[in-house]
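Listed below are the residues making up each chain.
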Amino acid sequence: MKILGIETSCDETALAVLDFGGNNFEILSEQLNSQIDIHKEYGGVYPAVAKREHTKNIYPLLIAALEESQLLIEREEEVEMSADMREHISQLLERDSDNLERILDFYTKYKNPELDVIAVTYGPGLEIALWTGFNMARAISYMWNTPLVPTNHMEGHIYASLMQENKLVIPDFPFLSLLISGGHTELVLADSEHEYKKIGATLDDAVGEAYDKSARLIGIPYPGGPMISKLAEQWNETGTSIELPRPMLHSKDYNFSFSGLKTAVLQKVEKEGELTDQFKQELSYELEKAIAEVLIKKTSDAITEHGISSLVLGGGVSANNNIRSKFTQLCEQEHVELFLPNKRYTGDNAVMIALAGYRRFVNKKYDPAIDRTKGNLSLED
Ligand code: KG4
Ligand code: ZN
């Protein structure tokens with residue numbers, strides 16, 4: 001079964017084609033355009049620029065994905081599109097006239113690709129970025145008569161962690177997921193596949209934001225997470241005299257708060273004045289320690305309370321070496337099976353959307369009638 005995944009929720013335009021036989025799969029093509037270098041100038045993701053870039057890149061990436069998957073087949077002779085079909089596609093792509101022309105042109109030149117499913121992110125994320133991928137997916141789904149599976153980006157991050165080589169492994173239920181990214185920090189319980197209950201979340205900044213905002217305060221451009229991690233690794237001592245808070249460590253719930261960390265970092269930075277390499281390394285080291293301690297404590301409490309035997313770590317921040325090693329230790333101690341994503345798939349990508357969409361399709365747990373994006377979509381929706 002061949003499935004096309006499309007992801008445009010933030011600052012990567014990503015498309016992938018996967019071929020499944022049961023839960024085994026082969027990645028036929030992966031296309032990804034990252035806008036990080038463009039957004040760097042703004043110090044964060046700038047929505048209108050994200051939309052412009054998605055709009056510019058999505059069609060060429062679609063063609064490349066189909067071509068690489070050997071699904072782009074020219075028609076023997078050009079055909080005309082019916083007036084009805086043209087009318088409907090024009091409506092779906094009314095906000096995206098450039099891609100409307102390209103899609104109409106596709107129809108006259110190429111046969112309908114032999115795809116079984118199209119999975120597309122419809123939330124959470126930046127609304128105007130989501131539209132680009134979602135409207136395009138709806139248009140081609142209709143034009144090619146291929147089922148559309150609207151997919152949750154955060155569920156995508158969960159499934160990215162469930163791929164082991166070329167196989168998707170579904171954990172025993174109930175399993176717990178800790179999702180840590182630039183926009184989200186949440187602890188989610190799954191009682192059965194696709195049925196989620198959020199047991200805790202950040203009350204303010206996400207973990208990724210704590211990294212990125214702190215990084216900015218010591219002069220590191222967006223997204224600063226990976227660089228903070230590098231600086232922390234350069235600090236070889238086992239301790240530091242810099243002390244940062246562990247927000248909500250002892251609150252009797254599974255919620256988090258990270259905005260106080262960035263404020264504490266700001267105070268240290270202002271007090272220090274001239275920032276030496278050593279100061280940056282020590283501060284990064286302490287920041288990583290503070291973040292990991294809070295994440296570990298809350299997750300470990302949830303594992304005990306809910307009798308969890310499988311833990312999934314997912315989202316962009318799960319690329320962090322310190323967090324990966326602390327969670328590996330925790331799970332060894334607690335005899336919990338840990339699902340860590342391959343580092344190649346920690347960031348936003350379309351393979352994860354195809355994986356989650358595939359499972360929703362085979363389990364018949366999707367709603368083809370969804371006709372709009374939802375920026376604040378939750379795993380509980
Ligand atoms: O999942 P993701 O790619 O995008 C969102 O959906 O938000 O996550 C991006 C976040 C950024 O905040 C980035 O700084 C952080 O993940 N990140 C890291 C590391 N790699 C990426 N944070 C800490 N350590 C890393 N190695
Ligand atoms: Zn993400």
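Presented here is a report on the structure given in the accompanying data block.

Definitions and limits used
Residues numbered from 1 in each chain as written. Chains lettered and ligands numbered in written order. Predicted model: local features only at pLDDT ≥ 70, side-chain atom pairs only at ≥ 80, totals over all residues. Heavy atoms only, no water. Phe/Tyr/Trp six-rings, centres within 6.5 Å; stacked < 30°, edge-to-face > 60°. Helix = DSSP H or I, 4+ residues; strand = E, 2+ residues; numbered from the N terminus. Buried < 20%, exposed > 50% of the residue type's maximum accessible area, 1.4 Å probe, protein only. Lys NZ or Arg CZ within 6 Å of the ring centre and 35° of its normal. Axes fitted to C-alpha atoms, helices over the stretch in contact; angles between N-to-C directions. Parallel < 35°, antiparallel > 145°, perpendicular 65-115°, else oblique. Contact = heavy atoms within 4.5 Å. Nonpolar A, V, L, I, M, F, W, Y, C, P; charged D, E, K, R; others polar. Donors = N, O, S within 2.8 Å, 3.2 Å for Na, K, Ca; no water. Salt bridge = Lys/Arg side-chain N within 4 Å of Asp/Glu carboxyl O.

1. Details of the packing of aromatic side chains
- All told, the structure shown has 9 aromatic pairs when counted by the stated rule.
- Between Phe106 and Trp144, the aromatic rings sit 5.3 Å apart at their centres with planes inclined by 45°, giving tilted as the arrangement. Remark: Trp144 occurs in helix H5 (residues 127-144) and Phe106 occurs in helix H4 (residues 97-109); sequence separation between them is 38 residues. Of the two residues, Phe106 and Trp144, both sit in the buried class.
- Judged by centre distance (6.5 Å) and plane angle (35°), the rings of Tyr122 and Phe134 are tilted. Here Tyr122 is found in strand E4 (residues 117-123), whereas its partner Phe134 is found in helix H5, with 12 residues between them in sequence.
- Under the relative-accessibility criterion, Tyr122 is labelled buried at 13%.
- Three or more aromatic residues joined by ring pairs form one cluster here, namely Phe20, Phe25 and Tyr358.
- Stacked on the ring of Tyr107, the Lys or Arg Arg75 has its end atom at 4.8 Å from the ring centre.
- When the ring centre of Trp131 is taken as reference, the NZ or CZ atom of Arg95 above it lies at 3.7 Å.

2. Points about the packing of helix H6 (residues 153-161) against helix H12 (residues 351-362)
- Contact pair H6 / H12: the axes reach a minimum separation of 7 Å and the direction vectors enclose 95°. In terms of axis orientation, H6 runs roughly perpendicular to H12. Packed against H6, whose contacting residues are His153, Glu155, Gly156, His157, Tyr159 and Ala160, the element H12 presents Met352, Ile353, Leu355, Ala356, Arg359 and Arg360 at the interface.
- Of the residues contributing to the contact of H6 with H12, the split by class is 6 nonpolar, 3 polar and 3 charged.

3. Thoughts on the coordination of the zinc ion (ligand 2)
- Protein-derived ligands of the zinc ion (ligand 2) are His153 (NE2), His157 (NE2) and Asp348 (OD), with the metal-ligand distances lying across 2.1 to 2.2 Å.
- If you list the donors of the zinc ion (ligand 2) from N- to C-terminus, the spacing comes out as H-x3-H-x190-D. In this pair, His153 and His157 are both assigned in helix H6, 4 residues apart and thus about one turn of the helix distant. The residues His153 and His157 share a single accessibility class, namely buried.

4. A look at the pattern of salt bridges
- Tallying each qualifying case throughout the model produces 19 salt bridges.
- Put simply, Lys298 and Asp253 hold a salt bridge, and the shortest N to O gap is 3.5 Å. Taken together, the positions of Lys298 in helix H10 (residues 277-306) and Asp253 in the loop between helix H8 (225-234) and helix H9 (259-272) put the pair 45 residues apart, joining distant regions of the chain.
- When its relative accessible area of 1% is taken as the criterion, Lys298 is described as buried.
- You can call Asp253 partly exposed: its relative accessible area is 32%.

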